[in-house]
Amino acid sequence: MRLQSTLRRAWPVAGGLACFVAVTALLFGHSTPSMAGFFWVLIKGAFGDGYAISETLVKATPTLWCALAVAVPAQLGLISIGAEGQMYAGAIAGGAIAVFVPHLPAWAMIPTILVGGVAGGASWGAAAGWLKARFGMTEVVVTMLQNFIAIDILEYLIHGPWMAANSGNWPQSTEFPAAAVLPPIISGFRTHVGLFGAIGAAAILWFVARRTRWGLAVRVLTGNPRVAAQAGLSRSAYIVGIMALGGALAGLGGICEASAIQNRLESGFLQGYGLSGFLVSALAGHDFLLIVPLSVVMGAILTSADTLQLTAGLPASSSMILQGVLFASVVGWTSFVKSRR
Amino acid sequence: MTLGTTAADMLLSALRSSTPMAFAICSEIMAERAGIVNIGIEGQMLVGAAAGFAFTVISGNPWVGLLAGAVAGAALSSLHGILCLVCRANQTVAGIAVMAIGVGCSSYFGTPYVGRRISGFSPMSFPSLPAGLAGYLGSISPTMILGVVTPLVMCGFLYMTRWGLRWRAVGESPAAARVLGINPTLYKWAAILVCGLLVGIGGAALSVDYAKGWSDGMTSGRGLVALGLVALTRWNPLLTTPVAMIFGAAESLSLSIQSHGIGVSPYLLSLFPYLTPLVVLALHARFAKRRSQMPASLANMQTFGE
């Protein structure tokens, strides 16, 4: 039954995709000899060979974590645009352990940095939740300001106290010890086990939302606040809790990326994932199952945009335009269909 | 240097920093007063900055740049209008799509202009005044004056004209406005265009006058911060300048500390313009006695569910 509703949400997305193809062809079609050729470059860049598929999944992983971090608060009607800041917070907290306690026993290392990532992200999210619940501040504004704060803190750390001694003044932290690097799924490719973690988290969240009392409580709180109050549900507590959970997911995504891909903390290494994640979650209607394939689509766009830079000479900003056009056309199309029904 | 001149210097540099922000805040107030939440102003500001700078370089006239910025801002803003008013999409979600397009397009079309320099507006001269005073007046640029005057004009429009009254009525309750024979869609479109024009000018003021250069993402979140600061103005354009000065003062203070070579990391200092609005907004939310004055029709748009 639930699967059916996931499918029902999927078909207007397909209509929007058609809009996207049309608009993109108009905008970028001239960069390759033929318009069909342009999309062929896109598809080949994202899925053409093992390396391309692996890169698509590499980019899908943080996107998926971020999308979950948006979808979780959205279950309570909260709009969090702070996934990127939460990712950085998680990467900073987890990275601190990898950088400053590098001699932890190997079996304890990865769990510890993951816990650090959860703690960093969750505290960042919980702070926004608390400001919302306690003072009634708008979560959109708070989470957005938090992004800038997290980014500046990272920049401060890697330009200052955490800068690696051997980096030649390049803004980056010391390399993580080998025990703190998440293993790849297939050796030789960069796709790492963080992807399985994210898919697992999506499945668990789907289950929790449908089948547990917490999921029910959230649905009651969003659907009928009066009943929720009579049942003794504290809206404030759920706001703080759900923002913390969202933050924790983003934090995990941040530390996974730092550990598996960068092996260190670097300047702006998560840039853009917050927005991509938000777009994915909104496109999926915050449906935990639909988010997974859409993250892969987003990963494909990000990867093929890199290819476009090399083959068609388009600048890096085209990926942002592609994302925006995709999002606008799907949102426009689905809302248009809904409003004319 | 006496205390008086230092204070005047600081005030002027804060005002200079706050000018693009004032346009952004004022534009968002005008939109929200008619029931439009425009989260995309960050993107429109960037597009305005890029177009403004490009056209200043091409034409050599900064006023042409401001005009181009306004047109570019309004053009992108009307995409938001199409998404929310024609397609009836969720305003927040549509706004973020528009923001992404604006960020991408400004970078895409702005690339050839990175590193180009312009001289901006020629400073005004006051030969008949004493040198000190003339110096201060001369360092005031046309966009600073526009930035202070525009909110006053908008305030006059909203509170002293019949169209302003209808504009606000549409923001409070489109249904009631419709009963009174007002076409809400018309006013919402006007709000979207005015918002785009103003924030486009703000972006152009940033690149043409304040920075005199273009770089990717140069608004560094001003549009987003403005979105938060609107709550402090209580949706009244009259308070735009003082509220924008909060950001302006924080930014110019962190810049001047940096230039004095005090041993604080510039990255910690650049936290300041974001941390300050956050703290001020939290204090405002905590201690504000009166109702928030938020246009009533915005309240039911604050969530994802629609």
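Being a predicted model, the structure only gives us computed values, none of them experimental. (Residues numbered from 1 in each chain as written. Chains lettered and ligands numbered in written order. Predicted model: local features only at pLDDT ≥ 70, side-chain atom pairs only at ≥ 80, totals over all residues.)

A.B. asks: Before we go on, may I ask you to explain the overall build of chain A in this structure?
C.D. replies: When helices and strands are counted, chain A shows 13 helices and 0 strands. Secondary structure elements of chain A occur, N-terminal to C-terminal, as α-α-α-α-α-α-α-α-α-α-α-α-α. What you see for chain A is a C-alpha radius of gyration of 20 Å, in line with the 20 Å of a compact globule of 341 residues. The proportion of buried residues among the 341 residues of chain A is 54%. Within chain A, residue pairs in contact and separated by at least 24 positions form 77% of the contacts whose partners lie at least 6 positions apart. (Helix = DSSP H or I, 4+ residues; strand = E, 2+ residues; numbered from the N terminus. Rg over C-alpha atoms; globule rule 2.2 N^0.38 Å. Buried ≥ 20, exposed ≤ 12 C-beta atoms within 10 Å, placed from the backbone. Contact = placed C-beta atoms within 7 Å.)

A.B. asks: Can you walk me through the overall build of chain B in this structure?
C.D. replies: Secondary structure summary: chain B contains 14 helices and 0 strands in total. Ordered by position in the sequence, the α and β elements of chain B form the string α-α-α-α-α-α-α-α-α-α-α-α-α-α. The C-alpha radius of gyration computed for chain B amounts to 19 Å, which stays within 12% of the reference 19 Å derived for 306 residues, consistent with globular compactness. Every one of the 306 residues in chain B was classed for burial, and the buried ones make up 52%. By sequence separation, contacts in chain B at least 24 residues apart represent 78% of the contacts at least 6 residues apart.

A.B. asks: Looking at this structure, how should I read the packing of helix α4 (residues 83-100) of chain A against helix α11 (residues 273-283) of chain A?
C.D. replies: Describing two packed helices takes the angle between their axes plus the distance from one axis to the other. Residues and elements named next belong to chain A. Axis separation between α4 and α11 bottoms out at 7 Å; the angle between their running directions is 130 degrees. In terms of axis orientation, α4 runs oblique to α11. Considering the relative orientation of α4 and α11, their crossing is right-handed. Two secondary-structure elements touch here, α4 through A83, E84 and M87 and α11 through Y273, G274, G277 and F278. Its residues placed into classes, the contact of α4 with α11 shows 4 nonpolar, 2 polar and 1 charged. (Axes fitted to C-alpha atoms, helices over the stretch in contact; angles between N-to-C directions. Parallel < 35°, antiparallel > 145°, perpendicular 65-115°, else oblique. Left-handed = near helix turned anticlockwise from the far one by under 90°. Nonpolar A, V, L, I, M, F, W, Y, C, P; charged D, E, K, R; others polar.)

A.B. asks: Sorry if this is basic, but what is going on with the interface of chain A and chain B here?
C.D. replies: Accessible area lost upon the coming together of the parts serves often as the stated size of an interface. Taken together, the contact between chain A and chain B spans 37 residues of the former and 39 residues of the latter. When residues of the side of chain A that touches chain B are traced back to their parent elements, those giving at least two are α5 (106-135), α6 (139-159), α11 and α13 (317-340) of chain A. Here the side of chain A that touches chain B gets 14 residues from one element, more than from any other, and that element is α13(A). Of the residues belonging to the side of chain A that touches chain B, the class tally is 22 nonpolar, 13 polar and 2 charged.

A.B. asks: Is there a simple way to explain unusual backbone geometry in this structure?
C.D. replies: Keep in mind that most residues, glycine aside, have a negative phi and that most peptide bonds are trans. Its identity is not glycine, yet A:H286 carries a phi of approximately 60 degrees, on the positive side. One can find A:H286 in the loop between α11 and α12 (288-311). The backbone of B:R88 sits at a positive phi, close to 60 degrees, despite the residue not being glycine. In this structure, B:R88 sits in the loop between α3 (62-86) and α4 (91-110).

A.B. asks: Looking at this structure, I do not really get the nonpolar core. What am I missing?
C.D. replies: Looking at soluble globular proteins, one finds that nonpolar side chains tend to be buried together. Ranked by size, the top nonpolar core spans 210 residues in total, and within it A:L68, A:I291, B:I25, B:A97 and B:A191 carry the most contacts. The element best represented in this core is helix α10 (residues 235-262) of chain A, accounting for 16 residues. Among residues more than four places away in sequence, those in contact with A:I291 are A:L64, A:A67, A:L68, A:A71, A:A202, A:V280, A:S281 and A:A284. (Core = buried A, V, L, I, M, F, W, Y, C linked by C-beta atoms within 7 Å.)

A.B. asks: Just to check I follow, could you spell out helix α2 (residues 35-47) of chain A for this structure?
C.D. replies: Three or four residues apart is the spacing at which side chains of an α-helix point the same way, because the helix has 3.6 residues per turn. Residues and elements named next belong to chain A. Helix length check: α2, at 13 residues, gives a terminal C-alpha distance of 18 Å against a target of 18 Å (1.5 Å per residue), a fit within 8%. Here α2 has its buried residues at F38, V41, L42, G45 and A46. Around the axis of α2, the buried residues are gathered within 115 degrees of arc, so they sit on the same side. (Expected span 1.5 Å × (residues − 1). Arc of directions from axis to C-beta.)

A.B. asks: Help me out: how do you make sense of the packing of helix α3 (residues 50-74) of chain A against α11(A) in this one?
C.D. replies: Residue and element names in this part refer to chain A. The interhelical angle for the contact between α3 and α11, taken along N-to-C directions, is 55 degrees, at an axis separation of 7 Å. With respect to their mutual orientation, α3 and α11 come out oblique. Where α3 crosses over α11, the two elements pack in a sense that is right-handed. Contacts between α3 and α11 involve P62, T63, C66, A67, A69, V70, A71 and A74 from the former and Y273, G274, S276, G277, F278, V280 and S281 from the latter. Residues belonging to the contact of α3 with α11 are distributed by class as follows: 10 nonpolar, 5 polar and no charged.

A.B. asks: Quick question: what am I supposed to make of α12(A) here?
C.D. replies: Here α12(A) contains 24 residues, and its C-alpha end-to-end distance of 35 Å stays within 8% of the 34 Å for a straight helix at 1.5 Å per residue. Looking one or two residues beyond α12(A), the residue adopting positive phi is A:G313, at roughly 70 degrees.

A.B. asks: What exactly am I supposed to notice about the confidence of the model for chain B here?
C.D. replies: Caution applies to low-pLDDT parts of the model: their predicted coordinates are not meant to be read in detail. Residues and elements named next belong to chain B. Per-chain confidence: chain B averages 87 in pLDDT, with 95% of residues scoring 70 or above. Confidence drops under a pLDDT of 50 for residues 302-306, and excluding neighbours within four residues, the segment shows 9 contacts in the predicted structure. Among the prediction metrics, the complex's ipTM stands at 0.86, with pTM recorded as 0.89. (pLDDT = per-residue confidence, 0-100.)

A.B. asks: Is there a simple way to explain the environment of B:T241 in this structure?
C.D. replies: All names here are of chain B. With respect to the helices, strands and loops of the structure, T241 is situated in helix α11 (residues 240-259). For the pair formed by T241 and S18, sequence separation is 223 residues and the distance between their alpha carbons is 7.8 Å. With sequence-adjacent residues up to four places away left out, T241 is seen in contact with A22, V148 and P151.

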